[in-house]
Amino acid sequence: MSRILCTVSTFALCAAPLAAQEAMDLEMITVYANQTDFTLARTGTSVEVLTGEQIEQSPATTLADTLDDLPGVSAVGNGGPGQTTALSIRGLPNRYAPVYVQGIETTDTSAPQAIFNFANVLPGGVTRAEVVKGSQSALYGSEAIAGIVALDLARAPQEPGREGTATLEAGSYGTRSATLTYGIAQDGWGLALSASRFVTDGFSAVEAPGYDEDDGFAATQIGLDGYVDVTPDLRLGLSGFTFNSDGDYDANTFGNPEEGTFSTDSYGLRAYAQLQTGAVAHELSFSRYDIDRTVSSGGFDDGFTSVRDVAAYSGTWQIDPDRSLTFGLDHSREEASFSAATYDAFWTRNGTARNSDEVDNTGVFAEYAMAWTPQLDMVLSLRHDEHSEFGGEWSGRAALSYRATEALTLRATLAKGYRAPSLYELFDPTYGNTNLDPETSRSYELGADYAFAGGARVGATIFHTEIEDLINYDFAVGGYAQVPGTSVSRGVELTGAVPLGARVDLTGSFTYTDARDANDDPLQRVPRYDLALGLDARITDALRAGVTLTHKADFPDTYGIGFAPESVDDFTTVNASVSYEFRNGLQAYLRVENLFDEQYNVVPDYQTSDRAAYFGIRASF
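Summary of the structure given here. What you are looking at is a predicted structure, and each value in this text was computed from that prediction instead of being measured. (Residues numbered from 1 in each chain as written. Predicted model: local features only at pLDDT ≥ 70, side-chain atom pairs only at ≥ 80, totals over all residues. Heavy atoms only, no water.)

### Some points on the overall build of the protein
Then step 1. For the protein, the helix and strand inventory stands at 5 helices and 31 strands.
Then step 2. Taken over the C-alpha trace, the protein has a radius of gyration of 24 Å; the compact-globule value for 621 residues is 25 Å, and the two agree within 12%.
Then step 3. For the protein, the C-alpha atoms occupy an extent of roughly 70 × 60 × 45 Å along the three principal directions.
Then step 4. Counting over 621 residues, the protein shows a buried share of 54%.
Then step 5. In the form shown here, the protein has an accessible surface area of approximately 25700 Å², with 58% of it arising from carbon and sulfur atoms. (Helix = DSSP H or I, 4+ residues; strand = E, 2+ residues; numbered from the N terminus. Rg over C-alpha atoms; globule rule 2.2 N^0.38 Å. Buried < 20%, exposed > 50% of the residue type's maximum accessible area, 1.4 Å probe, protein only. Areas by Shrake-Rupley, 256 points an atom, 1.4 Å probe, with all protein chains shown as cover.)

Next up, the structure:
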């Protein structure tokens, strides 16, 4: 998907100041829910937005745990920071939710089922996170059946000036981190950089006899964004990032189950040109994402590489103040190479099998946005993808937003999506299956948001997604196979916020999810009941404190390190934070994860953090 220059209309607005966005949630801008920028009140689609300040104030150590508090979002990790971490949306696994960093798709086609590992992003330097829920294949093509996650790192200022932050933190498990961000803009150009370093001794990912060594992790993340206005109508820009990490993991190999190590080196770059010609805004962009992973255990090194190149054009015609038409095309090429263990007759590893392959995809798309009345907005999106392995596939989406009163907004979305089998599912030497066919989906949601005069607000959304011929790992055949029939994920999301006086705010969300495959078996690692509560108190102008509570219940049985599924107990965790703002732009803070030292597992046998405290200093300049 391409981003275009902001245009003035009743339904597509350029970004308001951050403070104003926080005061008026429904007036906040969503950048990724449509082909053009919309206010949340006019999208018709469920969108969650976290600002950079909200991410900074989170008491969680990882970005995945911060996102986990959002309605309809669930994070699952195989241990502490650096260990494999997945994010599901509305009960559907992360293979149905591609991730974009700096506008670049970062799903790893060499990973099982083309996923993004949320261990490969540090929260430091993330200036914005946006989760668009429901099928978005009409905008993003294959994979976006559950939605998408979009993360912005450095973003160049749009107004002349300069700004920056520096953060240092240390705490439990020998954890140290540092983040530096800096942005500057003058007339006609802007530049922003961010750099983060995170190091931890960690704790043993697996909790079982014979596992007692800590699994350490170290990572560096850099973000870049810059632009130059060649003329008043022409802008050239470049965005990108790098992420590099090394760590330990529990390989579960016979004789020495803790000896595993891993390393990851990745980068993304996106260059673009934006041109305004009368009523039409054009954008031409080129991007590349490259990731190289090495996993080592038992004396063997297994390498995985993935490269995605995308060329895209989009144009937006502002027909009149109430109507716009966006159109365009994109072409992508994905390449991946895989390693897989080979074994002798006694199941002793004796070598490595390797394979590589590539696929191409060409997509054409159009989106028509119309304000039928000052209260009613409609967005119709259509896309056709031509895949080199599977031919053509259509996707579509219709979204309506109706502001029935100044307080009440009603939303409705109907969508059709699809997911082509990934390179790993098709061509991995051990688990691949070239006979797989694309999955197709249908989804709908109905929602309502109500704002009370005193500042309180509530929201409710009913969602339903059906997937035909779901692709899953089949233990009977030792590889990926199609599950004939219809898999369904449905449920309800409730949200609310209420001011408890001038300085205290209470927020909360509750999600009920019933996700089942065609055999009526529940999809694993997703709680049926998910409750999140937050209390934010601005005790004085300088002193601030917050508490978050999460309760998850009714997990289906799932696999740990053993050969049989195990039960997962319900659990409740509490995190807390306190900060003090000095007059010179310096802030000191303390955050505590798992305040009451709850002992729990999301994946059987894999540990989560005990009570852990972290102290930090943040300076703004």
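More follows now that the structure is in view.
### A word on the environment of Leu436
Then step 1. By the element assignment, Leu436 lies in the loop between helix H5 (423-427) and strand S23 (439-451).
Then step 2. Its relative accessible area of 2% is what places Leu436 among the buried residues.
Then step 3. C-alpha of Leu436 to C-alpha of Asp301: the two residues are 135 residues apart in sequence and 29 Å apart in space.
Then step 4. The contacts of Leu436, once residues within four sequence positions are left out, are Phe390, Pro421, Glu425, Leu426, Ile471, Tyr480, Ala481 and Gln482. (Contact = heavy atoms within 4.5 Å.)

### Comments concerning a nonpolar patch on the surface
Then step 1. Side chains of Trp189, Leu191, Leu193, Val228, Val230 and Leu236 sit close together on the surface and give an oily, nonpolar patch of about 480 Å² of accessible area.
Then step 2. Sorting the residues of the nonpolar patch by element identifies strand S12 (189-200) and strand S13 (217-231) as the ones contributing at least two each.
Then step 3. Along the chain, the position of Val228 falls in strand S13.
Then step 4. Taking the relative accessible area as the measure of exposure, Val228 reaches 38% and is therefore partly exposed. (Patch = residues over 30% accessible without salt bridge, like charges linked within 9 Å, V, L, I, M, F, W, Y side chains within 5 Å. Salt bridge = Lys/Arg side-chain N within 4 Å of Asp/Glu carboxyl O.)

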